[in-house]
Each structure stands twice: as C-alpha cells, then as structure tokens.
Amino acid sequence: MNIVVLGVIFFVLIQFAVGLWASRKPKNETDFLLAGRRLNPGLAVFTIFATWFGAETCIGAASSIYENGLSGGTADPFGFSLCLLFMGFVFARPLWKRKFITFADLFKQRYSVRIEKLVVIILVPASMLWAAAQIRAFGQILSSLSGLQVEYAITIAASVVIIYTMLGGLLAVAVTDVIQAGFLILGLVLLGVFVFASGDPNASLASVDTARFSFVSEDSTLLQKFEAWSIPIFGSVLTQELITRVLACRSAEEARSSTLKGGTLYLLVGLIPVYLGLVGLNLMPNLADSEQLLPELAKTYLPTVLYIIFAGALVSAILSTVDSALLASSSLISHNIVVPLSKRNHDVSERQKVLFARIGIVILGSLAYYIALHAKGVYDLVVTASAFGSAGVFVVGTFGLFTRFGGEITAGLTLVSAATVWILGEFVLGWATPFFISLLTGFGIYIIAALIERHFFGPAKGFQTA
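The rules behind the values
- Residues numbered from 1 in each chain as written.
- Predicted model: local features only at pLDDT ≥ 70, side-chain atom pairs only at ≥ 80, totals over all residues.
- Heavy atoms only, no water.
- Core = buried A, V, L, I, M, F, W, Y, C linked by side-chain atoms within 4.5 Å.
- Buried < 20%, exposed > 50% of the residue type's maximum accessible area, 1.4 Å probe, protein only.
- Helix = DSSP H or I, 4+ residues; strand = E, 2+ residues; numbered from the N terminus.
- Contact = heavy atoms within 4.5 Å.
- Patch = residues over 30% accessible without salt bridge, like charges linked within 9 Å, V, L, I, M, F, W, Y side chains within 5 Å.
- Areas by Shrake-Rupley, 256 points an atom, 1.4 Å probe, with all protein chains shown as cover.
- Salt bridge = Lys/Arg side-chain N within 4 Å of Asp/Glu carboxyl O.
- Expected span 1.5 Å × (residues − 1).
- Axes fitted to C-alpha atoms, helices over the stretch in contact; angles between N-to-C directions.
- Parallel < 35°, antiparallel > 145°, perpendicular 65-115°, else oblique.
- Nonpolar A, V, L, I, M, F, W, Y, C, P; charged D, E, K, R; others polar.
- pLDDT = per-residue confidence, 0-100.
- Phe/Tyr/Trp six-rings, centres within 6.5 Å; stacked < 30°, edge-to-face > 60°.
- Lys NZ or Arg CZ within 6 Å of the ring centre and 35° of its normal.

Draft legend 1. Seen up close, the nonpolar core. Counting 135 residues, the largest nonpolar core has Met-87 and Leu-294 as the members making the most contacts within it. Ranked by residues supplied to this core, first place goes to helix 8 (residues 150-196) with 16 residues. Not counting residues within four places of it along the chain, the set of residues in contact with Leu-294 comprises Cys-58, Ala-62, Leu-188, Leu-191, Leu-276, Phe-310 and Leu-314.

Draft legend 2. Main features of unusual backbone geometry. With an omega of 15 degrees, the peptide bond running from Asp-76 to Pro-77 counts as cis. Position of Pro-77 relative to the elements: it lies in helix 5 (residues 74-97). Phi at Lys-99 takes a positive value of approximately 60 degrees, unusual for a residue other than glycine. Relative to the helices and strands, Lys-99 resides in the loop between helix 5 and helix 6 (104-110). For Lys-99, a relative accessible area of 43% corresponds to the partly exposed category.

Draft legend 3. The arrangement of a nonpolar patch on the surface in detail. Together, Ile-409, Leu-413, Ile-448, Ile-452, Phe-456 and Phe-457 make up an exposed nonpolar region whose accessible area comes to about 670 Å². Broken down by secondary-structure element, the contributors of at least two residues to the nonpolar patch are helix 17 (408-428) and helix 18 (434-457). For the nonpolar patch, the element with the highest residue contribution is helix 18, accounting for four residues. Relative to the assigned elements, Ile-409 resides in helix 17. On the basis of relative accessibility, which here comes to 45%, the residue Ile-409 falls in the partly exposed class.

Draft legend 4. Seen up close, helix 9 (residues 222-234). The end-to-end C-alpha distance of helix 9, which contains 13 residues, comes to 17 Å, matching closely the 18 Å that a straight helix rising 1.5 Å per residue would cover. Residues of helix 9 that are buried: Glu-227, Ser-230, Ile-231, Pro-232 and Ile-233.

Draft legend 5. The arrangement of the packing of helix 10 (residues 240-248) against helix 13 (residues 304-343) in detail. Interaxial distance between helix 10 and helix 13 falls to 8 Å at its minimum, and their mutual angle equals 85 degrees. On the basis of the axis angle, helix 10 is roughly perpendicular to helix 13. Between helix 10 and helix 13, the residues in contact are Gln-240, Glu-241 and Arg-245 and Ser-324, Ala-325, Ala-328, Ser-331 and Leu-332, respectively. Partitioning the contact of helix 10 with helix 13 into residue classes produces three nonpolar, three polar and two charged.

Draft legend 6. Quick peek at the pattern of salt bridges. Taken as a whole and assessed by the stated rule, the structure comprises nine salt bridges. Notably, a salt bridge pairs Arg-114 with Glu-408, separated by 2.6 Å at the nearest N-O pair. Of this pair, Arg-114 sits in helix 7 (residues 113-146) while Glu-408 sits in helix 17, placing them 294 residues apart in sequence. Among the residues examined, Arg-114 registers a relative accessible area of 60% and is labelled exposed. In this structure Glu-408 comes out as partly exposed when scored by relative accessible area, which is 25%. A salt bridge links Glu-253 to Arg-256; the shortest N-O distance between them is 3.8 Å. Of the two residues, Glu-253 and Arg-256 both sit in helix 11 (residues 252-283), three residues apart, roughly one turn of that helix. The class for Glu-253 is partly exposed, based on a relative accessible area of 38%. A network of salt bridges, in which partner residues are shared, links Arg-93, Glu-253 and Arg-256.

Draft legend 7. Main features of the confidence of the model for the chain. Across the chain, the average pLDDT comes to 86, with 93% of residues at or above 70. Helix 15 (residues 378-387) is the least confidently modelled element of the chain, averaging 62 in pLDDT, while helix 6 averages 96, the highest of any element.

Draft legend 8. Main features of the packing of helix 3 (residues 41-52) against helix 10. Running from N to C, helix 3 and helix 10 cross one another at 175 degrees; their axes reach a closest spacing of 10 Å. By the angle between their axes, helix 3 is roughly antiparallel relative to helix 10. Between helix 3 and helix 10, the residues in contact are Thr-47, Ile-48, Thr-51 and Trp-52 and Glu-241, Leu-242 and Arg-245, respectively. Here the residues of the contact of helix 3 with helix 10 are counted per class, giving three nonpolar, two polar and two charged.

Draft legend 9. Representation of the environment of Ile-135 in the model. Summarising the element assignment, Ile-135 is placed in helix 7. Along the sequence, Ile-135 and His-335 sit 200 residues apart, while their C-alpha atoms lie 25 Å from each other.

Draft legend 10. Representation of helix 5 within the structure. Its 24 residues place the ends of helix 5 32 Å apart at the C-alpha level, agreeing with the 34 Å of an ideal helix rising 1.5 Å per residue. Residue Lys-99 follows helix 5 closely and has a positive phi angle near 60 degrees.

Draft legend 11. Representation of the packing of aromatic side chains in the model. Counting across every chain of the model gives 22 aromatic pairs. When the ring of Phe-86 is compared with that of Phe-234, the centres are 5.9 Å apart and the planes differ by 90 degrees; the resulting orientation is edge-to-face. With Phe-86 in helix 5 and Phe-234 in helix 9, this residue pair connects regions lying 148 residues apart in the sequence. Between the aromatic rings of Phe-215 and Trp-229, the centroid separation amounts to 6.0 Å while the plane-to-plane angle is 50 degrees, which identifies the pairing as tilted. Here the residue Phe-215 occupies a position in the loop between helix 8 and helix 9, and Trp-229 occupies one in helix 9, the gap between them amounting to 14 residues. Taken together, Phe-86, Phe-91, Phe-226, Phe-234, Phe-394, Phe-399, Phe-402, Phe-405, Phe-436, Phe-443 and Tyr-446 form an aromatic cluster joined through their ring pairs. The ring centre of Tyr-111 lies 4.7 Å from the NZ or CZ of Arg-110, which sits over that ring.

This is how it looks when you write it as structure tokens:
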C-alpha cells in the first residue's frame, strides 16, 4: 500500500469522524433530512456546489471532452451550471416559502396523495443512477491509486459513503461538503496550474485543434442541440438533491443567493476539467480508458504530496455527491411512503422516522452499488439520471408551483405519458432526441388535459393552508 492510498484513507476517516459527530445531532425528521432548516449561507453555498460538482465533472466530463471536444461538455459543467442559476432565479424562493420537507410534498399538497407516490416512483431511480455514477467513479480512482480491481474498489467506495451518510443525515453531509469542496478546489487548481506551467507545448490551448472548441457536433440537428442543453437544465433543476439544500436554508433570500453563488462557483471550478480535457488528447493521446485522464495527468505532473491532495480532491467530489443522492432518495421513500403507511396502524415517533430514513440509505446504497458494478461509464449514467422521467416532473412541478391550472388527473396523465415516451424513445425506438420529445409531450398533454379537467370538474385546488 503506497503513501497516496494511505493519504486517501486518512481523508476518508475524516468523513467517518464527521458522520459520528453529526449522528447525535438529529432529534427529529427535519433535523436529519434538512439539518433543522438552519444552514447558514457559507454551508449552503458549499453544499450546493459540492453536491452538484461530482464525478461526472472531474472524471466524466474531462473524459467526454477528451474524446469529443467541448461538445462533450455540454451537460457538464456548462449545462449543470445553468441549472443551478435557473434554480436560484426562478424556483428557490417559492419552494422555500412552502416549507416542504421533500419535493414530493409539493405534489401531495397541490394535487393528491396518489400523485405524490407516483412522483417518488419516478424520482428515486434517477437518484440511484446518480449515486451509482459517483460510486463507480470512486472505484475508478481507488483502482488507479492502489492497483485494486475496479470491482473491489467500488465495493469499498459504496461501504464508506453509505455508513457516514446513514449516521449524520444532512448536517453530516453539509459539514463534510465544506471540507470536500475545499480539497476539491485546491486539488483541481493545483493540477491545472502544474499542467499549464509544465512548459509542454501541448499543454497550451493554442495546440488544440480548433474543431474541438465547438459546443455542438457539426452533424447534429437543431433538435439534438436543444436536447443536449435541455437535459441538464430542465432535467435536473427540480431534483430532490438540489431542492433539499434550498429547503434547508434559513430564509428564502438565503436560499436564492446561495444557489446563485453555488452555480457561479461551479462554473468557475468546472472550467479546469474542461481545460484538461481539451489539452489531454495532445498530452496523453493513447489512453485506453479516457476516464483515467485526470488521475493519469496527476500522476505525471504533480509531486507526491500534491498528488495526495489531488486524490483527496477527487474523492471529495464523489463523496459529496453520492451522499446527497442517497439521502435524497431515502428521504422520499421514508417521508412520503413509509411513514404515511406506518401511520395507518400506529403513531410514528420522530425517532422512528429517522430510523426509517437510515434504513432506506442502506438499502438504496446497496442498490446503487449493484448498478455501479454493471454500468458502462460514469458520464452516460449521469445523463441518463438527468433525463429519467424528469421531463414530466419538470412540467407538473412548474405548473403546480406557480399556477392552479390542472389537477390530479392532469398531473397523473402528464407524468406517466412523459416518462413512457422517454423510455420508449431512449431504449426501444432509438430516437435522437427522446428528452425533447418527452418534454414537448408533457407540456402538450398537461395543457390539453387541464382544459378538459377544468371544463368537467372546475378549477383545480390550490395549496392547503397549514
């Protein structure tokens, strides 16, 4: 076991220590899932940044840009940066003012319990794919550092993140995010500076083929271009991982400003993997696995001490995202499904609610581990997670949050139709733009169904008062 692996192990032990410290803090469900709605601006900015800045940016985006130029980075970092800014400008304040515990609460209050359950069924698989992408990337890094087979490395990665997320909830996640974001920014800056200052003429952007600076493939159609940008923006803005951070802030204004600052930080730091992906093809033209680009660059250009910091940075990016995905999916299942079912038979204490959430993290983490073992690549997992059923959720969630147009029948038809269209287009019919067609279908069905529903049943209900 070399000194780099020991450094990474030490870094991971810090995460365990924070998880143990935070495990005593949650007194009720809101404490565990939303850190008691007490996230200050500093914690909020870094947890929003660290949650979104994951393996797909460090490993996946650099790999995709290495292979395809800037067109490989449409989703990340550019699309996901716009997603965070979109959340800050449009959704953060109205979501916070509703005082939800989970995103599915919106659909329960605005539509019905049945729609709430349907949304959970749609959202949880996407979180599982997201978590699996991070776990797989963690395994790739451990494999590169230690020589372990990727399967063993992925097993270790899953075990680490499941345990400390289960212990401390959102408070543990947010506090570790600050540590992780610091290491991440430092590690990427160091790698970017050392590669740029190496004196290698291939490290200059001037050496990059100009064709690689195009954001879109020359043979892509207008609809395909829209598809590439719409998946990270519209497909990811209304996700439980991001909304949890918004709801955990101390005020609506802090939720808005923290999200905007987190998105700006995301874009600035994300430009480093973009640069490394562009010049990487000239620096390392014969990589067998492009997902190994950043670890290999770090091995080549960084001295050992700084390489340890960089390895910690990659681990930081992954841990900060996968813990959020597991907590998000578990909160949806425990708060919106398990607790209501349990209340039918007996009263559920706050301690039991926290227990349900912790059990959910273990079960869903195990599922994400299984997906990570059998996945083809990190970037594809992330794009699939962003598109999975999210078009309908975006349409119904937007109409539900800002209008009284459309009711339960409209919401149900839209969610099922949009998800079905995307699944058929992506996996059966092989459409080039399944998400765009799904999004268009969702808007069309919602408007038509809402007009019919209003004609026969009258105006839809608004939000229930507390």
